[in-house]
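Fold and contact review
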Amino acid sequence: MSDSALFKQVAEIVDTGDWELGARHGGTGGVGKLLEDLLDVDGSNTDIPDTGSWELKTHTGRNNLLTLFHKTGRPNMSVILSSPYAYHPKSDPTKPLSYRNTIYGNTPNSHGFYAEPSHSNTKITLFNINDSTPTDYCAWDNNELCSAFGRKLSRLILVTAHKKGSMVTFTDAWAYNNPRLLSLPKLITESTIAIDLDARYKTLEGTGIRDHGTKFRISIKDLSSLYNNCVRIAP
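This is a predicted model, so every value here is computed, not measured.

1. A closer look at the overall build of the protein chain
- Looking only at helices and strands, the protein chain has five helices and 13 strands in total.
- Rg of the C-alpha trace for the protein chain: 19 Å, near the compact-globule value of 18 Å for 235 residues, within the 12% margin.
- Considered along the principal axes of its C-alpha atoms, the protein chain spans approximately 55 × 45 × 25 Å.
- For the protein chain, contacts bridging at least 24 residues in sequence account for 61% of all contacts bridging at least 6.
- A total accessible area of about 12,000 Å² is found for the protein chain, and carbon and sulfur atoms account for 48% of it.
- Averaging the coordinates of the 25 positive side-chain charges in the protein chain and doing the same for the 25 negative ones gives two points 2 Å apart.

2. Some words on the nonpolar core
- Ranked by internal contacts, the top residues of the largest apolar core, which has 38 residues, are Leu126, Leu223 and Leu226.
- Not counting chain neighbours up to four residues away, the residues in contact with Leu126 comprise Ile80, Ile103, Tyr114, Ala115, Thr135, Asp136, Tyr137, Cys138, Trp140, Ile195 and Leu197.
- Ranked by size, the runner-up nonpolar core spans 22 residues in total, among them Leu6, Val10, Leu35 and Val159.

3. What to know about unusual backbone geometry
- Put simply, Arg74 and Pro75 share a cis peptide bond, and its omega is 5°.
- Along the chain, Pro75 falls in the loop between strand S3 (66–70) and helix H3 (78–81).
- With omega at 0°, the peptide bond leading from Ala234 into Pro235 counts as cis.
- Position of Pro235 among the secondary structure elements: in the segment after strand S13 (227–234).
- Notably, Asn178 is not glycine yet its phi reads approximately 55°, a positive angle.

4. Structural notes on the sheet that holds strand S6 (residues 123–128)
- Strand order in this open sheet of three strands is S5-S6-S7, and the pairing throughout is antiparallel. Among the strands making up the open sheet, the edge pair consists of strand S5 (113–118) and strand S7 (139–141). Sheet twist, expressed as the mean angle between neighbouring strand axes with direction ignored, is 20°.
- Taken strand by strand, helix H4 (residues 142–153) contacts S6 and S7, and its axis lies near 70° from that of S7.

5. Notes on the pairing of S6
- Burial runs high along S6: five of the six residues are buried.
- Looking at chain direction, S5 and S6 are connected through six bridges and run antiparallel. The residue of S6 that forms the bridge with Phe113 is Asn128.
- When S6 meets S7, the two strands line up antiparallel, connected through three bridges. By the bridge assignment for S7, Thr125 is matched with Ala139.

6. Some thoughts on the pattern of salt bridges
- All told, the structure shown has 10 salt bridges when counted by the stated rule.
- Across the pair Lys186 and Glu190 runs a salt bridge, and its minimum N-O distance is 2.7 Å.
- Here Glu190 falls in the partly exposed class, since its relative accessible area comes to 43%.
- Between Asp222 and Lys221 there is a salt bridge, with its nearest N and O atoms 3.5 Å apart.
- A residue is classified by how much of its surface remains accessible, and Lys221, at 63% relative accessible area, is exposed.

Analysis parameters
- Residues numbered from 1 in each chain as written.
- Predicted model: local features only at pLDDT ≥ 70, side-chain atom pairs only at ≥ 80, totals over all residues.
- Heavy atoms only, no water.
- Helix = DSSP H or I, 4+ residues; strand = E, 2+ residues; numbered from the N terminus.
- Rg over C-alpha atoms; globule rule 2.2 N^0.38 Å.
- Contact = heavy atoms within 4.5 Å.
- Areas by Shrake-Rupley, 256 points an atom, 1.4 Å probe, with all protein chains shown as cover.
- Lys, Arg positive; Asp, Glu negative; His and termini not counted.
- Charge placed at Lys NZ, Arg CZ, Asp CG, Glu CD.
- Core = buried A, V, L, I, M, F, W, Y, C linked by side-chain atoms within 4.5 Å.
- Buried < 20%, exposed > 50% of the residue type's maximum accessible area, 1.4 Å probe, protein only.
- Pairing = 2+ DSSP bridges.
- Axes fitted to C-alpha atoms, helices over the stretch in contact; angles between N-to-C directions.
- Salt bridge = Lys/Arg side-chain N within 4 Å of Asp/Glu carboxyl O.

Shown next, in the form of structure tokens:
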């Protein structure tokens, strides 16, 4: 499908008004799944953009961050889960140790974790301000971060929506392209892009990790800092 044909389809969906969520559209990703179904797009492929050339994302609240991509740091979440900062959910010792929290650049989060450039500015590493001896909890290679972003999000269509009960109204749509790939690591360490950690041990004995994916997320008002071009598709 050509770009103009795709943009026309998206504009028609926005202009239609209300849409009803179906049985396939439950959970937090239901609005995005509805949009994919309306466009006849399979969004299950995590390696390439949803339409083959454009990644589709929906956003339902100005105060919510938009997930850009997932990328677990190296080695994995085991170092954090085995640290003093992991916790039992709801302080229930019968539940496996978990770690779920957000990190904004070099500002320590509620558990003391922060991110900063390291290794000659080629990596972003997590440290904890409460450690007497600095510990590398996990790290991301800048090139790998830029590759993950560029491979999936070089061209992005963002559709904002309002959800009430089982009804959805798509309100506007924007197309972003020509990404500023090299700005990505700087935006992470400067707190424009947040790092969401979310993992737990599978058992109380800690024999295996269930990693729900480290998410890199951004406010939609800051998306323009990641792209050189932005075009309104609708209304």
